[in-house]
Amino acid sequence: MKKVILVAVSAIFLSMVSCKKSEGGNKEIIQSESSETSVVDNNGKIDSVSTSSSMTEVNGQKTEKTSNIYKATDGTLVKVIFETTPKESTLSIRNNNKTFILKKTGSSGKETTYTKDDMTAKVTQDSIHLIQGNNIIELKKTKI
């Protein structure tokens, strides 16, 4: 009988110790998020835009993601994510459940170029020109 009580008390004690959660979490990961939800134009009116960004730091290496909504000339909305890591910078374009990921290949003062296979994206401050073969698609940053 004493053995049964001793085993039961030991099991309860071990389960209490093993279920203790650490409130500190993983100290090697630092994550911060920010979201820009409004911009004041020249007339003083507030324009809402769809931009969000996040920065994650793992073992001292920072990864930054910025997400924007762009509108094509035909009215189609496209989600564009810019991701910068210590190793590379990429541009992800998502439309109709398809995602195209292009790598940064060059940058001048006002224009950054991303490419993958036969697709090229030329990014300026508020627009993207997608070039694939003879097709050129213009995307403009939009307000939602």
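Student: Requested: an account of the overall build of the protein, with residues and values cited.
Tutor: Tallying secondary structure elements over the protein gives 1 helix and 12 strands in all. Secondary structure elements of the protein occur, N-terminal to C-terminal, as α-β-β-β-β-β-β-β-β-β-β-β-β. For the protein, with 144 residues in total, the buried portion stands at 20%. Of the contacts made within the protein by residues no fewer than 6 positions apart, 24% connect residues no fewer than 24 positions apart.

Student: I'd like to hear about the confidence of the model for the protein, residue by residue, with values.
Tutor: Mean pLDDT over the protein: 78, with 65% of residues reaching 70 or higher. In the predicted structure, residues 35-48 sits below a pLDDT of 50 and forms 20 contacts with residues beyond four places in sequence or in another chain.

Student: Provide a residue-level description of the nonpolar core, including the pertinent values.
Tutor: Generally speaking, soluble globular proteins have nonpolar side chains that are buried together. By size, the foremost hydrophobic cluster in this structure holds 15 residues, and its most contacted members are Val80, Phe82, Leu91 and Ile128. With sequence-adjacent residues up to four places away left out, Leu91 is seen in contact with Val80, Ile81, Phe82, Phe100, Ile101, Leu102, Tyr114, Ala121 and Val123.

Student: For the pattern of salt bridges, give the residues involved together with the corresponding values.
Tutor: Scanning all chains against the criterion turns up 2 salt bridges. As a salt-bridge pair, Glu88 and Lys103 come within 3.5 Å of each other at their nearest N and O atoms. Taken together, the residues span a long stretch of sequence, with Glu88 in the loop between strand 6 (77-84) and strand 7 (89-95) and Lys103 in strand 8 (residues 98-107) at a distance of 15 residues. Salt-bridge contacts for Glu138 lead to Lys140; the nearest nitrogen and oxygen are separated by 3.5 Å. Judged by relative accessible area, Glu138 falls into the partly exposed class, the value being 27%.

Student: I'd like a rundown of the packing of aromatic side chains, residues and numbers included.
Tutor: Using the criterion set out here, one finds 1 aromatic pair in the structure. Aromatic side chains Phe82 and Tyr114 sit 6.3 Å apart centroid to centroid with 55 degrees between the ring planes, which places their arrangement in the tilted category. Taken as a pair, Phe82 in strand 6 and Tyr114 in strand 9 (residues 112-116) lie far apart in primary sequence, 32 residues in all. Phe82 gets classed as buried once you look at its relative accessible area, which sits at 15%.

Student: Would you mind going over unusual backbone geometry in detail, with residue names and values included?
Tutor: Glycine aside, a negative phi is what most residues show, and trans is what most peptide bonds show. We note that Asn96 has phi near 50 degrees; this positive angle belongs to a residue other than glycine. Mapped onto the fold, Asn96 is located in the loop between strand 7 and strand 8.

Student: How would you sum up the environment of Leu77? Please name residues and give values.
Tutor: Looking at the secondary structure, you find Leu77 in strand 6. What makes Leu77 partly exposed here is its relative accessible area of 48%. Sequence spacing of Leu77 and Leu139 is 62 residues, and the spatial spacing of their C-alpha atoms is 8.8 Å. Leu77 has contacts with Ile69, Tyr70, Lys71, Asn95 and Thr142, leaving out every residue within four places of it along the chain.

Student: Explain the environment of Thr76 to me, using residue names and the numbers behind them.
Tutor: As for its placement among the helices and strands, Thr76 is situated in the loop between strand 5 (61-72) and strand 6. With 19 residues separating them along the chain, Thr76 and Asn95 place their C-alpha atoms 8.4 Å apart. Within the structure, Thr76 has its side chain in polar contact with the side chain of Asp74 (distance 2.8 Å).

Student: Explain the pairing of strand 6 to me, and be specific about the residues and the numbers.
Tutor: Note: strand 5 against strand 6, 8 bridges, orientation antiparallel. Of the residues in strand 6, the one forming a bridge with Asn68 is Val80. The hairpin turn running from strand 5 into strand 6, its antiparallel successor, is 4 residues long, and Gly75 in that turn takes a positive phi close to 95 degrees. Summarising the sheet, strand 6 and strand 7 pair through 6 bridges and their orientation is antiparallel. Each bridged residue has a counterpart across the sheet, and for Thr84 the counterpart in strand 7 is Ser89. Where strand 6 folds back onto strand 7 in an antiparallel hairpin, the turn is made up of 4 residues.

About the thresholds
Residues numbered from 1 in each chain as written. Predicted model: local features only at pLDDT ≥ 70, side-chain atom pairs only at ≥ 80, totals over all residues. Heavy atoms only, no water. Helix = DSSP H or I, 4+ residues; strand = E, 2+ residues; numbered from the N terminus. Buried < 20%, exposed > 50% of the residue type's maximum accessible area, 1.4 Å probe, protein only. Contact = heavy atoms within 4.5 Å. pLDDT = per-residue confidence, 0-100. Core = buried A, V, L, I, M, F, W, Y, C linked by side-chain atoms within 4.5 Å. Salt bridge = Lys/Arg side-chain N within 4 Å of Asp/Glu carboxyl O. Phe/Tyr/Trp six-rings, centres within 6.5 Å; stacked < 30°, edge-to-face > 60°. Polar contact = N/O pair within 3.5 Å; in protein donor to acceptor, adjacent residues only side chain to side chain. Pairing = 2+ DSSP bridges.

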